[in-house]
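# Architecture at a glance
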Amino acid sequence: MDREFAERVRSGEPLSAGWVSLGHPRVAEIVALAGYDFVIVDIEHTPMSLETLDDIVRAVELRGVPVVVRVPWNDPVELKRVLDIGVAGVMVPMVETAEAAEAAVDAMTYPPEGMRGVAGSRATSYGLEFAEYMESADDDLVAILQIETVDGVENAASISAVDGVDSLFVGPSDLSASLGVTGDWEDAAVTEAIDRVLDASEVPVGSLAVTDEGIERWVEQGFDWVIAGVDSRNLLAASQSATEAFERAVARRDG
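This report concerns the structure included in the present document.

What counts, and at which threshold
Residues numbered from 1 in each chain as written. Predicted model: local features only at pLDDT ≥ 70, side-chain atom pairs only at ≥ 80, totals over all residues. Heavy atoms only, no water. Helix = DSSP H or I, 4+ residues; strand = E, 2+ residues; numbered from the N terminus. Rg over C-alpha atoms; globule rule 2.2 N^0.38 Å. Buried < 20%, exposed > 50% of the residue type's maximum accessible area, 1.4 Å probe, protein only. Contact = heavy atoms within 4.5 Å. Areas by Shrake-Rupley, 256 points an atom, 1.4 Å probe, with all protein chains shown as cover. Axes fitted to C-alpha atoms, helices over the stretch in contact; angles between N-to-C directions. Parallel < 35°, antiparallel > 145°, perpendicular 65-115°, else oblique. Left-handed = near helix turned anticlockwise from the far one by under 90°. Nonpolar A, V, L, I, M, F, W, Y, C, P; charged D, E, K, R; others polar. 1 Å grid on protein atoms, 1.4 Å probe; cavity = no way out; pocket = protein on both sides within 12 Å on 5 of 7 lines; lining within 4 Å. Points joined across faces, edges and corners; volume = space filled by probe spheres on them. Salt bridge = Lys/Arg side-chain N within 4 Å of Asp/Glu carboxyl O.

### Digging into the overall build of the protein chain
A count of helices and strands for the protein chain gives twelve helices and eight strands. Taken over the C-alpha trace, the protein chain has a radius of gyration of 19 Å; the compact-globule value for 255 residues is 18 Å, and the two agree within 12%. With the C-alpha coordinates aligned to their principal axes, the bounding extent of the protein chain is approximately 75 × 40 × 30 Å. Residues classed as buried in the protein chain amount to 47% of the 255 residues present. Long-range pairs, those at least 24 residues apart, make up 62% of the contacts in the protein chain between residues at least 6 apart in sequence. As presented, the protein chain carries roughly 12100 Å² of accessible surface, and 50% of it is formed by carbon and sulfur atoms.

### A short note on the packing of helix 2 (residues 25-32) against helix 3 (residues 50-61)
In a packed pair of helices, the relevant descriptors are the angle between the two axes and the axis-to-axis distance. For the pair helix 2 and helix 3, the least separation of the axes is 8 Å and the interaxial angle reads 30°. With respect to helix 3, the axis of helix 2 lies roughly parallel. In the packing of helix 2 onto helix 3, the handedness of the crossing is right-handed. On the side of helix 2, the interface is formed by P25, A28, E29 and A32, while helix 3 contributes D55, I56, A59 and V60. Residue classes in the contact of helix 2 with helix 3 are distributed as six nonpolar, no polar and two charged.

### A word on the layout of surface pockets
Taken as a whole, the largest pocket encloses approximately 310 Å³ of empty space. Around the largest pocket, the lining comprises 19 residues; the ones closest to its centre are W19, R70, S173, L208 and V230. With three residues, the single largest contributor to the lining of the largest pocket is helix 9 (residues 172-178). Among the residues forming the lining of the largest pocket, the class breakdown is seven nonpolar, six polar and six charged. Taken as a whole, the second largest pocket spans an internal volume of roughly 200 Å³. Lining the second largest pocket are R10, V105, M108, T109, A137, D138, L141, A143, D163, G164 and D166. Going through the elements one at a time, helix 5 (98-108) and helix 6 (130-140) are the ones with two or more residues in the lining of the second largest pocket. Considered class by class, the residues forming the lining of the second largest pocket number five nonpolar, two polar and four charged.

### Quick word on the packing of helix 1 (residues 3-11) against helix 6
At a minimum axis distance of 10 Å, the contact between helix 1 and helix 6 shows a crossing angle of 20°. Considering the angle they form, helix 1 stands roughly parallel to helix 6. Of the two possible hands of crossing, helix 1 and helix 6 adopt the one that is left-handed. When helix 1 is examined against helix 6, the residues R3, A6 and R10 are found in contact with a partner set consisting of S136, D139 and D140.

### A few points about unusual backbone geometry
Cis rather than trans, the peptide bond between P111 and P112 has omega equal to 10°. Here M94, not a glycine, exhibits a phi torsion of approximately 50°, which is positive. By secondary structure assignment, the location of M94 is in the loop between strand 4 (89-92) and helix 5. M94 sits in the partly exposed class, given a relative accessible area of 28%. For S125, which is not glycine, the phi dihedral falls at a positive 55°. Within the element layout of this structure, S125 appears in the loop between helix 5 and helix 6.

### Focus on the pattern of salt bridges
One pass over the full model with this rule turns up 14 salt bridges. Taking the shortest distance from any N to any O, the salt bridge between R8 and D37 comes out at 3.1 Å. With a gap of 29 residues between them, R8 in helix 1 and D37 in the loop between helix 2 and strand 2 (38-42) connect regions that are remote in the sequence. We classify D37 as partly exposed; its relative accessible area is 22%.

Listed below in structure tokens is the structure:
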């Protein structure tokens, strides 16, 4: 956990995040070396196991970068197992109501206020720092809830007002699908919905961009933090650029 990181998120300080979807610790370590303020590891839309996640978290932490994990669902069992790895926070998909937000926070919070199970896991240094972790975890963990549907947009104000919610995240892909314009992040309906979330939220709001232009657009629109690029897309783009450069060079030589 990282108290300083939690305070930075909650303050609305502009932050950049790297996205890790490729299930190898070296890929995650490379992303951590890029200068991001934190790294988000996605286990919602990837085949990553918890054992792999465990290794990835260690690789990123060794580079001094906080790790947030996007869990598969708003499920207390999933949340408990990820938190026990010792991450700095979690991102929970498809939150549409204040009640769902309360359930997520409850699953992240130790009794008597919450329902998180108690264990001597990696998060507690296998029990060596059990008391210290138990004392600080509820305050230091970052809870980011995803707004990805029309209902989520409608309830953004009440979701963000739930005690323990530190940030919202607008998922542009699912939001565009919910609005009937799948994949068109620049559609007027998407832009309007984003503005509604930004205006309504009582906590900082982040989103995802996959191009330099997209990063600039989201910052200008008012997001507090941005996932600036995706590991798999960056690898593909760099590889395509290299092959295109090769083809141009051959064409010049043989032309």
